Amino acid sequence: MTDNDLSRIKELRAEIRKHNVAYYESDSPSISDEEWDHMMRELRNLEAKYPDAYDPSSPTNNVGGTPSQIFAPVQHSVPMMSLDNAFDDIELDQWIKKIDRRLTSSAAIDEFCCELKFDGLAISIRYENGKLVQAATRGDGSIGEDVTHNVLTIRDIPKFIKDAPQLLEVRGEVYLRISEFEKLNMKAKQLGEKAYVNPRNAAAGSIRQKNSSVAAQRNLSFWAYQIGRISGGPDLKSHFGTLEYLSSLGFPVNQNAERVTSGKHGLRAYINEYRLKKSNFDYEFDGIVIKVDSLKIQEELGSTAKAPRWALAFKLPPEEQTTKLLDIEVSIGAAGSATPFARLEPVFVGGVTVSTATLHNEDQVREKDVRPGDTVIVRRAGEVIPEVVGPVLDKRPNDLPQWKFPKSCPSCSDELSRPDGEARHRCTNYYCPRQVRGRVEHFAQRTAMDIEHLGEQTIDLFVTEGLINDVGDLYTLDFHKIQSFEGFGETSVSNLELAIESSKSKTLGNLIFGLSIPHVGRTNADLLAVSFKHLDSLIEASLDELEAIEGLGPVIASSVFNYFKEPKHRELIEKFRSAGVNFVGPVLEETDNTLQGKVIVVTGTLQGFSRDQIAEAITSRGGKSPGSVSGKTSALIVGSNPGGSKLKKAEELGIPILDESGFQNLLKSGEIN
Ligand code: IVH
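Read on for an overview of the structure.

Reading the values: rules and limits
- Residues numbered from 1 in each chain as written.
- Predicted model: local features only at pLDDT ≥ 70, side-chain atom pairs only at ≥ 80, totals over all residues.
- Heavy atoms only, no water.
- Near = heavy atom within 4 Å.
- Polar contact = N/O pair within 3.5 Å; in protein donor to acceptor, adjacent residues only side chain to side chain.
- Areas by Shrake-Rupley, 256 points an atom, 1.4 Å probe, with all protein chains shown as cover.
- Helix = DSSP H or I, 4+ residues; strand = E, 2+ residues; numbered from the N terminus.
- Nonpolar A, V, L, I, M, F, W, Y, C, P; charged D, E, K, R; others polar.
- Pairing = 2+ DSSP bridges.
- Contact = heavy atoms within 4.5 Å.
- Axes fitted to C-alpha atoms, helices over the stretch in contact; angles between N-to-C directions.
- Expected span 1.5 Å × (residues − 1).
- Buried < 20%, exposed > 50% of the residue type's maximum accessible area, 1.4 Å probe, protein only.
- Core = buried A, V, L, I, M, F, W, Y, C linked by side-chain atoms within 4.5 Å.
- Salt bridge = Lys/Arg side-chain N within 4 Å of Asp/Glu carboxyl O.
- Phe/Tyr/Trp six-rings, centres within 6.5 Å; stacked < 30°, edge-to-face > 60°.
- Lys NZ or Arg CZ within 6 Å of the ring centre and 35° of its normal.
- Parallel < 35°, antiparallel > 145°, perpendicular 65-115°, else oblique.
- Left-handed = near helix turned anticlockwise from the far one by under 90°.
- Patch = residues over 30% accessible without salt bridge, like charges linked within 9 Å, V, L, I, M, F, W, Y side chains within 5 Å.
- Lys, Arg positive; Asp, Glu negative; His and termini not counted.
- Charge placed at Lys NZ, Arg CZ, Asp CG, Glu CD.

## Observations regarding the site of the ligand
Argument step 1. Taken together, the neighbourhood of the ligand is formed by 14 residues, with Glu 115, Leu 116, Phe 118, Glu 173 and Lys 291 sitting nearest.
Argument step 2. Between the ligand and the protein, one listed contact pairs a nitrogen atom with a backbone N or O atom of Leu 116 at 3.0 Å.
Argument step 3. Interatomic distance of 3.4 Å between a side-chain N/O atom of Tyr 225 and an oxygen atom of the ligand.
Argument step 4. Notes on the ligand: free accessible area 520 Å², of which the protein chains cover 89%.
Argument step 5. Top element by residues in the shell around the ligand is strand E3 (residues 112-118). It accounts for four residues.
Argument step 6. For the shell around the ligand, the residue count by class is eight nonpolar, one polar and five charged.

Right under this line is the structure:
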């Protein structure tokens, strides 16, 4: 063993012990759960590597805190164990393999129960002949603290149960709803008291109060998830059955628990579903607990000193992290809007590594008062784009200057101005290279003119070389010249030429969308194409005519009107006209009965189709498009921000899953592949 490793082991043990005291005994954590998990993990790995460094008092051999002396100690008749963790699919697979190998029977375990890992405080409640007689915290796993007086104040928890077994020890989580936590902290703020850092610590702080009137005011809640001991009760066979039984006795059991019978795909689907939905709940959970459903198999698998082998906590990625704000820069959009964004020291949050986050506009930066050099909290919940929540003021270096919106465009150095009444700054130079690049990228994207072989770098090069000043110039590109550029062979140039040529026959909706008219998205572009049927009619439309279109708001109507009033936009249209770009719309696609008899379900948003268009595309080809997945479903199309339940069900039923391009193929060929 190297000296370095040994001193690291010692250092980790000491650090973790210190944090454990802060967490378990003072209800005031000094580091985030993620940091704690990582330190524990590093220590475990090192201890596994160096068995000689074994120390029975290492934090890895202890479940958690030592019981405090304030409350009477309670010896748990059955220890309250911890759970082993998994952080990714590989570790989940390893766990499944490991338990399958341990079983004497040859069949693999095919029934699991998945539930949420609530972020609260574990409690064991003892009932004798239906009467609540004692409630205790977990403590160190074998001895906890008597907190009966506080648990009696929790409305969710039955004090008497009918048709009860002689003895019942129910285990579960005491927690504080997020809404209650916010109320509590609001009150603390008004009274000038210290706020709780999170609902879990507020719940723990409330349960460990001598005076039960405090807990009574906090509106704590409870989820039951386990039976510690039972005698004189029914013959329970499964964990899911246990949950149903607890619910029948009047205990609050979380409704998201599910039996999963489709192996690891089903487990992953459950995890994925709740990862995405995590922020929709009024209570916090930081993982998914997977339990072997059969109680007989649970017994056969048994436990290690710390944790049962039949259960696993799959930790969900943290949604908030702190990192360094390296700088605030400004990006210029296709229509000239200047958006400040944070350049961050890369940080893993919400399941991805984040190195930039939008700051929206000047007012938001001022409101949040984030400054380059600050340590900031970054949040990414579900599939939502990362945001900077605010600075950690304790960590702000002295004399850190406030950030000021730059006066000039980072791309063309023209003035950045903020029109009256608007939140956004703008670069007003229509030929600003960033704007041109943004417009060309937008124009060329798949849901607009779909010009392949025109990537970011190529666009950049064409703009810098002065070949393109607006999107119209794409149709008069000098391909001979391009062929002389480094990296452009004959094939790549002719591919590009072909792609540009074929874009000329795109639908009018694609063309209108490709123009980067402020506020005009794909759906509105199609609406304009259908309503005016020719680009020339749209150009000449009066504001009244535009406003009269059902479904087109006044802001969009005037944006379209103003766009076509601009001489430079008229010139652009003329470039398209001379090139022979299609101005006629709507061009209905041929609809053979390619989907006859097929049942196609869609979840999430597709870029090229509105909801109605999806349904129309399917039904006009003889298919059906119901709202939910069943055994009859032929394929599930998954767009962005999909709903977890459809995806999960399709995975469980083994239904083919296609993305948007698979859907396009399906429409054309009727084939699912
Ligand atoms: S079962 C023997 N189920 O996680 C296993 N625990 O790390 C007993 N927790 O102390 C635990 N949600 O505080 C179980 N649905 C759930 C849970 C859950 C949260 C907590 C509990 C326990 C800790 C173990």
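## Some words on the sheet that holds strand E21 (residues 657-658)
Argument step 1. The strand order across the open sheet built from three strands is E19-E20-E21, with neighbouring strands paired in parallel fashion. Each edge of the open sheet is held by one strand with a lone partner, namely strand E19 (600-603) and E21.
Argument step 2. The sheet contact formed by E19 and strand E20 (residues 635-638) spans four bridges and is parallel. Bridge assignment links Ile 600 to a residue of E20, and that residue is Ala 635.
Argument step 3. Where helix H23 (residues 644-653) meets the sheet, its contacts fall on E19, E20 and E21, and the angle it forms with E20 comes to roughly 145°.

## Concerning helix H2 (residues 33-49)
Argument step 1. For H2, with 17 residues, the first-to-last C-alpha span of 24 Å sits near the 24 Å given by 1.5 Å per residue.
Argument step 2. Restricting attention to buried positions, one finds in H2 the residues Asp 37, Met 39, Met 40, Leu 43, Leu 46 and Glu 47.

## Observations regarding the pairing of E3
Argument step 1. Burial analysis of E3 places six of its seven residues in the buried class, the great majority of the element.
Argument step 2. Alignment of E3 against strand E9 (residues 258-260), held across three bridges, turns out to be antiparallel. Across the sheet, residue Cys 114 finds its bridge partner in E9, namely Glu 258.
Argument step 3. Pairing between E3 and strand E10 (residues 285-292): seven bridges, direction antiparallel. Bridge pairing in E10 links Cys 113 to Lys 291.

## Describing the side chain of Thr 242
Argument step 1. Mapped onto the fold, Thr 242 is located in helix H8 (residues 239-248).
Argument step 2. Classification of Thr 242 by relative accessible area gives buried; the value is 6%.
Argument step 3. Ignoring anything within four residues of it in the chain, the contact list for Thr 242 reads Ile 227, Leu 236 and Leu 295.

## So, the nonpolar core
Argument step 1. In this structure, Phe 462, Leu 474, Ile 512, Leu 528, Leu 535, Phe 564 and Phe 576 are the most contacted members of the largest nonpolar core, which totals 55 residues.
Argument step 2. Top element by residues in this core is helix H20 (residues 554-565). It accounts for five residues.
Argument step 3. Discounting residues that sit within four places of it in the chain, Phe 462 has contacts with Leu 454, Leu 467, Ile 468, Leu 477, Ile 482, Phe 485, Phe 488 and Leu 496.
Argument step 4. Of all hydrophobic cores here, the second largest spans 35 residues; its members include Ile 154, Val 174, Ala 203 and Leu 249.

## Quick look at the pattern of salt bridges
Argument step 1. Tallied over the entire structure, the rule returns 45 salt bridges.
Argument step 2. Across the salt bridge formed by Glu 180 and Lys 183, the nearest N and O atoms sit 3.3 Å from each other. Highlighted residues: Glu 180 and Lys 183, both in helix H5 (residues 178-190), separated by three residues, approximately one helical turn.
Argument step 3. Asp 536 is the salt-bridge partner of Arg 577, the closest N and O atoms lying 2.8 Å from each other.

## Focus on the sheet that holds strand E2 (residues 85-86)
Argument step 1. Spatially, E2-E11-E10-E3-E9 is the arrangement adopted by the five strands of the open sheet, whose pairing is mixed. Of all strands in the sheet, those bounded by a partner on one side alone are E2 and E9.
Argument step 2. In this structure, E10 lies alongside strand E11 (residues 311-315), joined through five bridges in antiparallel fashion. Each residue of the ladder has a partner; that of Lys 291, found in E11, is Ala 311.
Argument step 3. Strand contacts of helix H3 (residues 89-102): E2, E3, E10 and E11, with the helix running at about 175° to E11, the strand carrying the most contacts.

## Some points on the packing of aromatic side chains
Argument step 1. This model, assessed by the stated rule, comprises 21 aromatic pairs.
Argument step 2. Ring centres 6.4 Å apart and planes at 80° place the aromatic pair Phe 443 and Tyr 475 in the edge-to-face group. Of the two residues, Phe 443 sits in helix H12 (residues 433-444) while Tyr 475 sits in the loop between helix H13 (456-464) and helix H14 (479-483), which places them 32 residues apart along the sequence.
Argument step 3. One aromatic cluster is present, formed by Phe 118, Tyr 175, Trp 223, Tyr 225, Tyr 270, Tyr 274, Phe 281, Tyr 283 and Phe 285 through successive ring pairs.
Argument step 4. Here Arg 439 stacks its cationic end above the ring of Tyr 430, 3.8 Å away from the centre of that ring.
Argument step 5. The ring of Tyr 430 has Lys 568 sitting right over it, with the charged end atom 4.7 Å from the ring centre.

## Thoughts on the packing of H3 against helix H9 (residues 263-277)
Argument step 1. Where H3 meets H9, the closest approach of the two axes is 11 Å, and the angle between their N-to-C directions is 140°. Between H3 and H9, the angle is such that the two are oblique. The interaxial crossing formed by H3 with H9 has right-handed handedness. Residues Asp 89, Leu 92, Asp 93 and Ile 96 of H3 form the contact with H9, whose participating residues are Lys 264, Leu 267, Arg 268 and Ile 271.

## Overview of a positive patch on the surface
Argument step 1. A contiguous patch of positive charge, built from Lys 97, Lys 98, Arg 101, Arg 102 and Lys 264, is present on the exposed surface.
Argument step 2. Here the positive patch gets four residues from one element, more than from any other, and that element is H3.
Argument step 3. Positionally, Lys 97 belongs in helix H3.

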